[in-house]
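# Chain and residue survey
Residues per chain are reported as follows:
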Amino acid sequence: MLLANGTKPPSSPQPLSPETARSLVDSVEAFLFDCDGVIWKGDKLIEGVPLALKALRSLGKKLVFATNNSRKSRKQYAKKFASLGLDVSEVVPCITFICDWIIFEIYVASFAAAMFPKQRNFLKEKKVLLIMMQPCEIPK
């Protein structure tokens, strides 16, 4: 296997140097973060997260936050982000790589399951029964 720059990966994980880190950040447009264990642990924000997110946003990077925990809605997760002092929105109007008209900054498993048939125009042709723990709002 070769890396994007055509080199072989190291045989064991190596810490990023400042130059390598900057090169990595410059090479991507968007960052997808798992929430549990990456952004927070339980109800505690992980040290360094606010600074890292602010730095990425200042570079114009798109940020997306995902969790496979379906016990909370995207609205509830937006409130959790706010309670931790993080400025993360459920929906940010713009044209993006994710959707023609909006970017979703927060993805929970139930929302992704609900959006999958919609993004493939399946709902226009067929009926879909979504069975979930909680109601899920599907954008029109």
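To be clear, the structure that these remarks concern was listed above.
Presented here is a report on the structure given in the accompanying data block. Computed from a predicted model, the values in this text were never measured in an experiment. (Residues numbered from 1 in each chain as written. Predicted model: local features only at pLDDT ≥ 70, side-chain atom pairs only at ≥ 80, totals over all residues. Heavy atoms only, no water.)

## Concerning the overall build of the chain
For the chain, the helix and strand inventory stands at five helices and seven strands. Along the chain, helices and strands appear, N-terminal first, in the series α-β-β-β-α-β-α-β-β-β-α-α. Put simply, the chain has 140 residues, and 27% of those count as buried. For the chain, restricting intrachain contacts to residue pairs at least 6 apart in sequence, the fraction spanning at least 24 positions comes to 57%. Of the roughly 9,900 Å² that the chain leaves accessible, carbon and sulfur atoms contribute 59%. (Helix = DSSP H or I, 4+ residues; strand = E, 2+ residues; numbered from the N terminus. Buried < 20%, exposed > 50% of the residue type's maximum accessible area, 1.4 Å probe, protein only. Contact = heavy atoms within 4.5 Å. Areas by Shrake-Rupley, 256 points an atom, 1.4 Å probe, with all protein chains shown as cover.)

## As for the pattern of salt bridges
What the rule picks out here adds up to four salt bridges. Residues Glu 29 and Lys 62 are paired through a salt bridge, measuring 2.6 Å at the closest nitrogen-oxygen approach. You can see Glu 29 sitting in the loop between α1 (18-26) and β1 (30-34) and its partner Lys 62 sitting in strand β4 (residues 62-67), a full 33 residues away along the chain. Close ionic contact of Lys 80 with Asp 43 constitutes a salt bridge, the shortest N to O distance being 3.6 Å. Highlighted residues: Lys 80 in helix α3 (residues 74-83) and Asp 43 in the loop between β2 (40-41) and β3 (44-45), separated in sequence by 37 residues. (Salt bridge = Lys/Arg side-chain N within 4 Å of Asp/Glu carboxyl O.)

## So, the pairing of β4
Where β1 meets β4, five bridges bridge the pair, whose relative direction is parallel. The residue of β4 that forms the bridge with Phe 33 is Phe 65. Inspection of the sheet shows β4 paired to strand β7 (residues 106-108) by three bridges, in the parallel sense. Within β7, the residue paired with Thr 67 across the bridge is Val 108. (Pairing = 2+ DSSP bridges.)

## Some words on the environment of Leu 53
Topologically, Leu 53 is positioned in helix α2 (residues 49-58). In sequence terms Leu 53 and Leu 63 are ten residues apart; their C-alpha atoms lie 8.0 Å from each other. If we skip the residues at most four places from it in the chain, Leu 53 touches Phe 33, Leu 63, Phe 65 and Leu 86.

## Considerations on the side chain of Lys 61
Within the secondary structure, Lys 61 sits in the loop between α2 and β4. Separated by 3.0 Å, the side chain of Lys 61 and the backbone oxygen of Val 25 make a polar contact. Discounting chain neighbours no more than four positions away, the residues touching Lys 61 are Val 25, Asp 26, Val 28, Glu 29, Phe 31 and Leu 56. (Polar contact = N/O pair within 3.5 Å; in protein donor to acceptor, adjacent residues only side chain to side chain.)

## Details of the nonpolar core
Residues Phe 33, Ile 39, Phe 65 and Phe 81 are the most contacted members of the largest nonpolar core, which totals 24 residues. Of all the elements in the fold, those that place two or more residues in this core are β1, α2, β4, α3, β7 and α4 (109-119). Not counting residues up to four positions away in its chain, the partners in contact with Phe 33 are Val 38, Ile 39, Leu 53, Leu 56, Leu 63, Val 64, Phe 65 and Ala 66. (Core = buried A, V, L, I, M, F, W, Y, C linked by side-chain atoms within 4.5 Å.)

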